[in-house]
Amino acid sequence: MKVSAAFALTVALVATAPAAWSQEAKDQLVIARAAGTTAMDPGFLRESATIVDNIFDTMVERDSQMKLEPGLALSWKSINPTTWEFKLRPGVKFTDGEPVNAEAVKFSLDRVLNPDNHAPTISYIRTISKVEVVDPMTVRITTSGPDPLLPTRMSRYPAYIVPPKYLKEHGRDYFASHPVGSGPYELEKFVPGQSVELKANDDYWRGAPSIKTVTFKTIPDATARTTALLNGEADIIEDLPVNLVPMVQASPNDQVVDVKNGGLTIYLGLVMSQKPLDNLKVRQALNMAIDRKTIVNDILHGMATVSGTQVGKFDFGYTDIPAPKYDPAAAKKLLAEAGYPNGFTITLESTHRYLNDDAVATAIAQMFGDIGVKVKQKVLDWSVYLQEVPRKGPIFMLGWGSTQTLDADAAIYPIMHSGEPYSTASIPELDKLLDKSRKIVDPSKRAEVLKQVQELAAKDVPLITLYQQDAVYGKAKDVVFSGRADARIPVYTIKKQ
Amino acid sequence: MQADLIVACILLVVAFGTCILVPLFWPLDPVRGVFSATFKPPMSFAGGHLHPLGTDQLGRDLLARLGLGTAISLGIVFVASVISAVLGTVLGMIAGYFGGWVDALIMRLVDMQLAIPFILLILLIVAVIGPSLMNLIVVLGITGWAIYARVARARTLEVRELEYIESARAIGQRKLFILFRHVLPNILVPQTVLLTLDLPRLIILEASVGFLGLGVQPPTPTLGGLIGEGRSFMLIANWLVLYPGLMIAALVIACNLLGDWLVRRNDLREL
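Residues numbered from 1 in each chain as written. Chains lettered and ligands numbered in written order. Predicted model: local features only at pLDDT ≥ 70, side-chain atom pairs only at ≥ 80, totals over all residues. Heavy atoms only, no water.

On a plain count of helices and strands, chain A comes out with 15 helices and 21 strands. Expected size for 497 residues packed as a compact globule is a radius of gyration near 23 Å; at 26 Å, chain A falls within 12% of this value. By principal-axis analysis of the C-alpha atoms, chain A measures approximately 95 × 65 × 35 Å. Here chain A, with 497 residues, has 53% of them falling under the buried criterion. (Helix = DSSP H or I, 4+ residues; strand = E, 2+ residues; numbered from the N terminus. Rg over C-alpha atoms; globule rule 2.2 N^0.38 Å. Buried < 20%, exposed > 50% of the residue type's maximum accessible area, 1.4 Å probe, protein only.)

As C-alpha cells, then:
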C-alpha cells in the first residue's frame, strides 16, 4: 500500500507539473514591435498609443467593429451645437487609489489644452474651448464652433484620463516614466527604447484581465522580429512584411493576422503645377494605365485592397468608389487627345517604407511605359525622400490614412486641398467642397458633401489612388487575437489557449 | 606553377561569357516584369520559358538580369578605373618629374584623398548630385586616382635619373615631351598591373553603392543593385542574392589571382 501511495504521488506530481508550467505561460504575453517607447505620458505622446492604451482609459471607446461605445463615460449627449455633456461611470479608481471623476477629466484635458505645455497632438482636441465640472460625475465640454466629431476625439490620445493628485505630486517628467492610469494594466518595468513590462490591474472596472503580464519588446529589424515569433520568443509581432508572410504561414505554431483595410492608402502624388500633369486628360490616362489588380495579387500577394478613394473603409464618410478600369488602349487615346501622341518622359520617386514599394514602383513604371510614358525611376532613402516629397516629383509614391480619427477629413483634406503642406493638387472646385465639409455639423449632410468630394476626386484625379494596405501581424497559434482596424492591441481582449 | 592563372582564366571566361553572351543571345527581357511568374526557383519553367537561375519579385528572369547587371557593373568599373589610372598617372608623373612645390602640393592632395573614407565620400557626392549611371562613373573615377599617383611618382623619380632621360634633356627636348615620350612607356607596365589589382576594390565599391540604392536606378540591374533588391526576399528566395554574390566573388578572385600573377611575371614585388 505504501509503495502504491508513493507511486500515485509521483504520478500526480509528474502529471501536474507540466500543467502548472503551461498555466504560467498562458497568462504571459510578449509583443514585439518595430518602434521603441521613450515616454508614456498619454497627453504628450510623440509615437503611437499602442502601449499607453493598455494603461489608460478614455471616456469613449471603440468596439471591434469601430463603433463608439461607453468607456469611462456611461453616456454622452449634445445639449446644443457647441456643448456636450458626459456622464461618468461611478466607482472607477486609478491604480493609485484616486477616484476617476469629473475633476480628473477636466484636469486631463486642460493640461493638454494649456498652450504653455506645448502638447504635440493638441490639434486633435483644439476645438475645445472650455471644460466644466457640473457635479462629481458629470462633465460639460464646450467647443469653439459646432464639432460633430467631439465624442470621437474623446476616444483617442491625447484624451486619456490621468490621475490629478499623482501628477501634481510627482510632475510630468516622472509621470512619463512612471505612468498610473485606470486601465487594465499597470507598469511593472520600463527600459526606455527597449521594453515595457505591464502587470494586470485585477481591480479593472471591466473585470480582471486573463493575461497577467505583458511585455512589449522593441525589435526594429523585420527579419529579426519575425524570427523572434518563429522561435517562440514573441507571441505577437507588429508589421510583418509581406515577403516574410510565407515563412510564418509555413510554421506549424504560428499564424498570420491580416487585417483588411487596416493600413495606409498608397497613392501617387501628382505635382499639378508642372507640365504635363496640369492636363486633366494626362492625369486620367495615367490613372487608367495602372493594372491595380495585378499589383495587389502578384506583387503584394493579396495583402492590400484595390480602392478608388483615399478614404478608408472604416472611416466616416467612406463612399464605395470603384477603382478606375485598367484600359491601356483608352489611356493611349487620351494621351493623344491631350497632345502627347508619343508620350513623354517623367520622373517617378519612391522609397522603402511601404509593403514591397520598390517592386510596385517598378511595375508602375513598366505600365506607364506601355502607354508610351517613359519613366525615370528614383528610389530614395526615407530620410532623403521626406525632403524631396511632395515638392519635387513630379510623380511620387506616398501612403496616407485617417490615423485613428477614422474620419474622411484627415484622409483627404491634407493631401487634396491646395496649399496644404502635403498637397500638390490644385482644383478650385474640390477646394470649395472640402471647405464646405468642414463647416457642416449634421452627420448625414456632411457625409453627402464628403461623397461629392470623393466623386469629384475620382473624376478630376488630383492624385492617383492605388490601394489600401492591410495591417499584417504574426501571432502564435495559441493566442486569440484578430487585429483591429485602428491598429490598437487591447491586451485585455487577448487570451492564450 | 600556373594554377592560379588557370583558375583566374576559367573564372573570367565564365564571368565575361555571362555578361557578353546573355545580353546578346538570351531571349528573356531583363527589365520587363511578368507579374504572373514571380519567385520561380532556379531551373523552373514559367510562361513557356526555362529560368535557369529562377525569377525575381517581378517575375523577371534572373539569368537575364545577372548578365546585363554584370555587363553594366563591369562597364562602370572599367571606365572608372581608366579615369582613375589616367588621372593618377599623369599627376604622379608630374609630381615625380618636377619635384619642389608641385610635388608637395600633389602629394598632399594624395594624402587628403587617402585619408577620407572612400565609401563615405562617394555616398556624400551621390546624395548631393543625385544617383545616375554617369554620375557614378565620374565619382568612382575621380576618387580612385591617389594610389596610381603614388606609384607613378615613385617610378618617375627612379626613371628621371637614368642616362637616357639626361641625354634627352641635354639635347634640349621639352619637359612635357620627355615626360610622355620617355617616362610614360617605362612606367606603363606597373600602372597596368596596379589597375588589375585595383579592379576588385572598385567592383566591391560599385556593388556597395548599388546595394545602398545610390547607384544606377531600377529597373536597370547592377550586381550590387541585384543583391540590394534581393535582400528583403532572402529568406524566401535565396537565389536572388546567391547568384549575384557568387558573380562578385568570382570577379574579385579572378582579378586578384591575375594581378598576383602579373606581379610575379614582371618582377614588381614593391606593388
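Within chain B, the secondary structure is distributed over 10 helices and two strands. When its helices and strands are written in sequence order, chain B yields α-β-β-α-α-α-α-α-α-α-α-α. Along the three orthogonal principal directions, the C-alpha set of chain B runs to about 75 × 45 × 30 Å. Per-residue burial for chain B yields a buried fraction of 49% across its 271 residues. Accessible area for chain B stands at about 12700 Å²; split by element, carbon and sulfur atoms hold 71% of it. Side-chain charges of chain B comprise 18 positive and 16 negative groups, with the mean position of each set lying 4 Å from the other. (Areas by Shrake-Rupley, 256 points an atom, 1.4 Å probe, with all protein chains shown as cover. Lys, Arg positive; Asp, Glu negative; His and termini not counted. Charge placed at Lys NZ, Arg CZ, Asp CG, Glu CD.)

A word on helix H6 (residues 146–159) of chain B. All names here are of chain B. Counted at 1.5 Å a residue, the expected span for H6 with its 14 residues is 20 Å, and the 20 Å between its end C-alpha atoms agrees. Among the residues of H6, those classed as buried are Ala146, Tyr148, Ala149, Val151, Ala152, Arg155, Thr156 and Val159. Tucked inside the fold, the buried residues of H6 contact helix H2 (62–98), helix H3 (100–115), helix H7 (163–170) and helix H8 (175–211). (Expected span 1.5 Å × (residues − 1). Contact = heavy atoms within 4.5 Å.)

This brings us to the nonpolar core. Residue and element names in this part refer to chain A. Counting 81 residues, the largest nonpolar core has Leu268, Leu286, Ile290, Ile364, Phe368, Ile395 and Tyr467 as the members making the most contacts within it. Top element by residues in this core is helix H11 (residues 357–370). It accounts for seven residues. Here this core gathers at least three residues from each of two domains, domain 1 (5–34 + 184–259 + 471–496) and domain 3 (265–469). Leaving out residues up to four positions away in the same chain, Leu268 has contacts with Ile290, Leu348, Ile364, Phe368, Ile395, Phe396, Met397, Leu463, Ile464 and Leu466. (Core = buried A, V, L, I, M, F, W, Y, C linked by side-chain atoms within 4.5 Å. Domains from an automatic or database assignment.)

Residues and elements named next belong to chain B. With respect to the helices and strands, Ser84 occurs in helix H2. Here Ser84 falls in the buried class, since its relative accessible area comes to 1%. In contact with Ser84, not counting residues within four places along its chain, are Leu140, Gly141, Gly144, Trp145 and Tyr148.

Attention now goes to the sheet that holds strand S4 (residues 73–80) of chain A. Residue and element names in this part refer to chain A. Ordered by their spatial adjacency, four strands build an open sheet running S4-S5-S7-S6, and the pairing between neighbours is antiparallel. Each edge of the sheet is formed by a strand with only one pairing partner; in this case those strands are S4 and strand S6 (128–135). Going from strand to strand, the sheet's axes swing by 20° on average, the running direction of each strand aside. Here six bridges tie S6 to strand S7 (residues 138–143), and the two strands are oriented antiparallel to one another. Residue pairing in the sheet places Glu132 in a bridge with Arg140 of S7. Of the strands in this sheet, strand S5 (83–88), S6 and S7 are in contact with helix H2 (residues 102–113), which crosses S6 at around 165°. (Pairing = 2+ DSSP bridges. Axes fitted to C-alpha atoms, helices over the stretch in contact; angles between N-to-C directions.)

All names here are of chain A. Split into domains, chain A comes out as domain 1 (5–34 + 184–259 + 471–496), domain 2 (60–169) and domain 3 (265–469). Computed over C-alpha atoms, the centres of domain 2 and domain 3 are 36 Å apart. The interface of domain 2 with domain 3 comprises eight residues on the first partner and nine residues on the second. Interface area, domain 2 with domain 3, both sides summed: about 770 Å², of which 65% is carbon and sulfur. By the criterion of area lost to domain 3, the three top residues of domain 2 are Pro148, Leu149 and Arg156, representing 51% of everything that side buries. Counting across the interface, domain 2 meets domain 3 through zero salt bridges. (Buried area = accessible area lost by both parts, 1.4 Å probe. Salt bridge = Lys/Arg side-chain N within 4 Å of Asp/Glu carboxyl O.)

What follows is about the packing of helix H1 (residues 3–25) of chain B against helix H10 (residues 239–265) of chain B. Residues and elements named next belong to chain B. Here H1 crosses H10 at 140°, and the two axes come no closer than 8 Å. Between H1 and H10, the angle falls in the class oblique. As H1 packs across H10, the resulting crossing turns out to be left-handed. Across the interface between the two elements, Asp4, Leu5, Val7, Ala8, Leu11, Leu12, Ala15 and Thr18 from H1 touch Met247, Ala250, Leu251, Ile253, Ala254, Leu257, Leu258, Trp261 and Arg264 from H10. In the contact of H1 with H10, the residues fall into 14 nonpolar, one polar and two charged. (Parallel < 35°, antiparallel > 145°, perpendicular 65-115°, else oblique. Left-handed = near helix turned anticlockwise from the far one by under 90°. Nonpolar A, V, L, I, M, F, W, Y, C, P; charged D, E, K, R; others polar.)

With 19 residues of chain A at the interface, the matching set in chain B holds 18 residues. When chain A packs against chain B, close to 1600 Å² is buried across both sides, 63% of that on carbon and sulfur atoms. It is A:Asn243, A:Gln366 and A:Gln377 that lose the most area in chain A upon contact with chain B, and together they represent 29% of the buried surface on that side. The tally of links between chain A and chain B comes to one salt bridge. Here B:Arg32 and A:Asp370 are joined by a salt bridge, their closest N and O atoms 2.9 Å apart. In this structure, the connection of chain A to chain B is made through three residue pairs in polar contact (both at pLDDT 80 or more). Secondary structure elements with two or more residues in the side of chain A that touches chain B: helix H7 (245–250), helix H9 (292–299), H11 and strand S16 (374–380) of chain A. (Polar contact = N/O pair within 3.5 Å; in protein donor to acceptor, adjacent residues only side chain to side chain.)

A few words on the state of the cysteines. All names here are of chain B. Per the counting criterion, the structure on display carries zero disulfides over all chains. Left unpaired, Cys19 is separated from the closest cysteine sulfur, that of Cys255, by 12 Å. Here Cys255 is not cross-linked by a disulfide; its sulfur's nearest cysteine counterpart is in Cys9, at 12 Å. In this structure Cys255 comes out as buried when scored by relative accessible area, which is 8%. (Disulfide = S-S within 2.5 Å.)

All names here are of chain B. Of all residues in chain B, 99% attain a pLDDT of 70 or more, and the chain-wide mean is 88. For chain B, the element scoring lowest by mean pLDDT is helix H4 (residues 118–129), at 81; H2 scores highest, at 93. The complex prediction reports pTM at 0.75, with the ipTM value standing at 0.76. (pLDDT = per-residue confidence, 0-100.)

Bringing the pairing of strand S9 (residues 195–200) of chain A into the picture now. Residues and elements named next belong to chain A. Two elements, strand S8 (residues 185–191) and S9, share six bridges in a ladder whose sense is antiparallel. Across the sheet, the residue bridging to Phe190 is Val196, located in S9. Between S8 and S9, which pair antiparallel in sequence order, lie three residues; one of them, Gly193, sits at a positive phi of approximately 80°. Bridging between S9 and strand S10 (residues 213–218) involves five bridges; their strand directions are antiparallel. Paired with Glu197 across the strands is Thr215, a residue of S10.

Further remarks concern a nonpolar patch on the surface. All names here are of chain B. Together, Val79, Ile83, Leu87, Met134, Val138 and Ile142 give the surface a local cluster of nonpolar side chains, amounting to about 470 Å² of exposed area. Of all the secondary structure elements, the ones that give two or more residues to the nonpolar patch are H2 and helix H5 (133–143). By secondary structure assignment, the location of Val138 is in helix H5. On the basis of relative accessibility, which here comes to 39%, the residue Val138 falls in the partly exposed class. (Patch = residues over 30% accessible without salt bridge, like charges linked within 9 Å, V, L, I, M, F, W, Y side chains within 5 Å.)

So, about the sheet that holds strand S11 (residues 236–237) of chain A. Residues and elements named next belong to chain A. Spatially, S8-S9-S10-S1-S11-S19-S12 is the arrangement adopted by the seven strands of the open sheet, whose pairing is mixed. Where the open sheet ends on each side, the last strands, each with one partner, are S8 and strand S12 (254–259). In terms of strand pairing, strand S1 (residues 28–33) meets S11 through two bridges, oriented parallel. Each bridged residue has a counterpart across the sheet, and for Ile31 the counterpart in S11 is Ile236.

Looking now at the side chain of B:Asp61. Residue and element names in this part refer to chain B. Position of Asp61 among the secondary structure elements: in the loop between strand S2 (49–51) and H2. Of the side chains with opposite charge, Arg65 comes closest to the buried, unpaired Asp61, at an N-O distance of 9.2 Å. At 3.4 Å, the side chain of Asp61 and the backbone nitrogen of Leu63 are in polar contact. In this structure, Asp61 is in contact with Trp26, Leu28, Leu50, His51, Pro52, Gly54 and Thr55, ignoring residues within four places of it in sequence.

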